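Read off the chains here:
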Amino acid sequence: MTERAQIESEGPEPGAGAGPAPAGTAIDAGAELDPVHPVKPPAPRFKPAGLSTAEVAERVARGAVNDVPVRSSRSTSEIVRANVFTRFNAIIGVLWVVMFFVAPIQDSLFGFVIIANTGIGIIQEMRAKKTLDSLAVIGEAKPSVRRDGRTAEISTSEIVLDDVIELGPGDKVVVDGLVGEADGLEIDESLLTGEADPVLKKPGDPVMSGSFVVAGGGAFTATKVGREAYAAQLAEEASRFTLVHSELRSGISTILKYVTWMMIPTSIGLIISQLIVKDKNLKDAIARTVGGIVPMIPEGLVLLTSVAFAIGVIRLGRKQCLVQELPAIEGLARVDVVCLDKTGTLTEGGMDVTECRPLGGADAAYVKKVLGALGESDPRPNASLQAIIDAYPDSAEWRCTESLPFSSARKYSGASFSEGDGENNTWLLGAPDVLLPAGDPALEEINELNEQGLRVLLLGRAARELDDPAVATGVKPTALVVLEQRLRPDAADTLRYFEDQGVKAKVISGDNAVSVGAVAGKLGLPGAENTVDARKLPTEQGAMAEVLDQNAVFGRVTPQQKRDMVAALQSRGHTVAMTGDGVNDVLALKDADIGVSMGSGSEATRAVAQIVLLNNSFSTLPSVVAEGRRVIGNITRVATLFLTKTVYSVLLAVLVVCSQVEYPFLPRHLTLLSTLTIGIPAFFLALAPNKERAKPHFVKRVMRYAIPGGVIAAVSCFVTYVIARHHYSGPDALKAETSAATLALFLTSMWVLAIIARPYTWWRVGLVGAMGLAFLIVLVVPWLQDFFQLKLEGAVMPWTAVGIAAVAAVLIEFTFRWVDRRFPA
């Protein structure tokens, strides 16, 4: 810490009485005013050594702790309630109870299926909860807190009122407080206030939870903890496991809403018609009415979506990928542009100094002393400065009189030294093309190094004071520090994966554009040879979007520009993912459709990202994309099966009501059909590999197949039923008619399943074949015939049913192809 910051932070001895605040003392901006005596209460005294153990214990005893329950998942009771107490479970539950009193157990099978499905949903989500909770502990940020004169990392929930919490670049402010020490402390409050420019904080200034440090360091006293802190509720909600706020789930909710409204009048009509037709057999009327209502409910669709998401979380958790917001799996599947920060993403965090080139006849030994002193002046060095510290340890007994921490917006850091021999000098270390004027001879030499993918920093003597806003003007070049970045071994394969999958990669970095282009070129990124200096980017969003679409590598990008670039890409309809690990990435991560942070990244980036790669492996990202595509693509597929059943069930009920005939099916028949043509196949298809990029308009994509498929299936079934009614006679005629209609509906539904299962693989063909074989077994095994009341009589009607189903299958095939051409999604 510099002398100036230390002097400013010193206050009364620990334990001094509170008393009235002296003039000029900072006060708690959130304290309430006394209406009679409008004077705010005094601010807490800053204790550089922090609280004592006894003081901490006293605050814990009175509950002054940061007890906000930051959870990564829903509680067990919430999971059970969400899976059990649903609208359709309630409907089915009532119908199930009714069936127990009016029909054999065979007609109540649908209730046992719902119990099994609900149980599967609860178990899978509990497994996902266990995975998320364990990963959240690994990824939890631990702030540095001073107690008893020592600094230690503790859990956020262990912070108490009046704790002294240290801050450094990238740290998130976890509770509200007042600054006690400040060394060039700059805090970004944009996520709370919308103000883009970082705020320079001095001792006595308030800090709010939810903001983060972009430069410098310091310490503050906690004045509000727990639920009183400004961002406590926001943080709790943001970190909670959720299954909502996604296009997929909102689309399903929309479909279910319309299904509910269709069910009400259809069910009423069906009940009345069956009571009239079966006026002498009330129990059979009720059974057939329930048989018509139950298949209208796509009860398994919500369950299957939940299970698919939960299994996705578990699979990614095994790869050390923490999904902080579940819809991120879906979002990343829709991504068509991924913005990559070079440092920490394409390259590893560490660097090595390969060369130090003195300029203008500067003494090499003196230059190394300056570099060592600069390293010593920054208590929280970034990766570049840490490499310099490792290469040139501080050996000079110089006194640092003032320091300027590195800022991504400035692109340089600095310090002023009293060098012991009467000399006082101010030094800057940063980007050469920022510190030097255009055309400077040194820039040609630097450009050659940048073309090799090397990172170059300029050490220069400043002609102005460090606190002068124009301190970077007139800098005298003294030396070049050449750094080599370590490429991630998996970066090239990951970039190749994105290219193969049709996802455009944009490298956006604060480093020199030529250097960034060279690194991207080494990794084989298409378009790496055409690098763009972001200082020349147009500010107008449309023009910026045009440049971004045409190029892939951008250097000298400021944090605010990263944010603007994300917005420009989104304005063109792109779904944008942003990866990063530094504090300069926070704003862009927050605004991107999907933010991905490295586990070793700053606390601020991990807090705003939806996905955290805890193993810091960029190669995990393809797994996340693939998992998202698997979930979304497969749910879109199987939703067509569920909703085709809903459409044909509603239409069949309408046809029965209009014709005033007996409903052809008992619940057992449609339970069998649903299980073989939807339930079992959908479970396997929902978990199958799927690399197709997710597309928007989920409801439109599903219904454009479900409506024609359901209509054709209903008509083919009803035509078969009507023909059978004229063909059969006698006491067992209804059973024979039902068997023929069931066969026609099964074969038609199987063709829909065969289309949905494409493209065929050996296991998909086997799955469809196994379902057909299972139905055949039911038709030929005597006790199964009796159990399901299915027995084909004679040869004419069964083959008629097959012929009608074949015509229906051809119609479905041609209709689906016409829909693809006429209504492309």
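Across its full length, the protein holds 28 helices and 21 strands. Expressed as a percentage of the 825 residues in the protein, the buried residues total 56%. Total accessible area on the protein is roughly 34,200 Å²; 58% of this is exposed by carbon and sulfur atoms.

As a further point, take the environment of R572. By the secondary structure assignment, R572 is in the loop between α19 (559-571) and β19 (576-580). For R572, a relative accessible area of 38% gives the class partly exposed. Distance from R572 to A545, taken between C-alpha atoms, is 7.1 Å for residues 27 residues apart in sequence. With residues near it in sequence (within four places) discarded, R572 still touches G542, A545, E546 and D549. Within the structure, the side chain of R572 is placed 2.9 Å from the side chain of D549, a separation counted as a polar contact.

What follows deals with the pattern of salt bridges. By the definition in use, this model includes 26 salt bridges. The salt bridge involving E58 is made with R62; its shortest N-O contact spans 2.6 Å. In this structure, R464 and D468 form a salt bridge, with 3.7 Å as the shortest nitrogen-oxygen distance. By relative accessible area, which is 36% here, R464 ends up partly exposed. Linked through salt bridges whose partners overlap, the residues forming this network are E58, R59, R62 and D162.

Secondary-structure assignment places P198 in the loop between α6 (190-193) and β5 (199-200). Exposure remark for P198: the relative accessible area of 38% places this residue in the partly exposed category. Separated by 13 residues in the primary sequence, P198 and S211 have C-alpha atoms spaced 9.9 Å apart.

Attention now moves to helix α13 (residues 383-391). Since one α-helical turn is 3.6 residues long, residues separated by three or four positions face the same way. Regarding α13, the residues found buried are S384, L385, A387 and I388. Along the axis of α13, the buried positions cluster into a sector of 155 degrees, meaning they face one direction only.

What follows concerns the packing of aromatic side chains. If you walk through the whole model with that rule in mind, you get ten aromatic pairs. Summarising the aromatic geometry, the rings of F787 and F788 are spaced 5.0 Å apart at their centres and angled 80 degrees between planes, so their arrangement reads as edge-to-face. Of the aromatic side chains, those joined through ring pairs into one cluster are Y366, W398, F417 and W427. Positioned above the aromatic ring of Y258 is the side chain of K257, whose terminal nitrogen or guanidinium carbon lies 5.5 Å from the ring centre.

Rules used in this analysis
Residues numbered from 1 in each chain as written. Predicted model: local features only at pLDDT ≥ 70, side-chain atom pairs only at ≥ 80, totals over all residues. Heavy atoms only, no water. Helix = DSSP H or I, 4+ residues; strand = E, 2+ residues; numbered from the N terminus. Buried < 20%, exposed > 50% of the residue type's maximum accessible area, 1.4 Å probe, protein only. Areas by Shrake-Rupley, 256 points an atom, 1.4 Å probe, with all protein chains shown as cover. Contact = heavy atoms within 4.5 Å. Polar contact = N/O pair within 3.5 Å; in protein donor to acceptor, adjacent residues only side chain to side chain. Salt bridge = Lys/Arg side-chain N within 4 Å of Asp/Glu carboxyl O. Arc of directions from axis to C-beta. Phe/Tyr/Trp six-rings, centres within 6.5 Å; stacked < 30°, edge-to-face > 60°. Lys NZ or Arg CZ within 6 Å of the ring centre and 35° of its normal.

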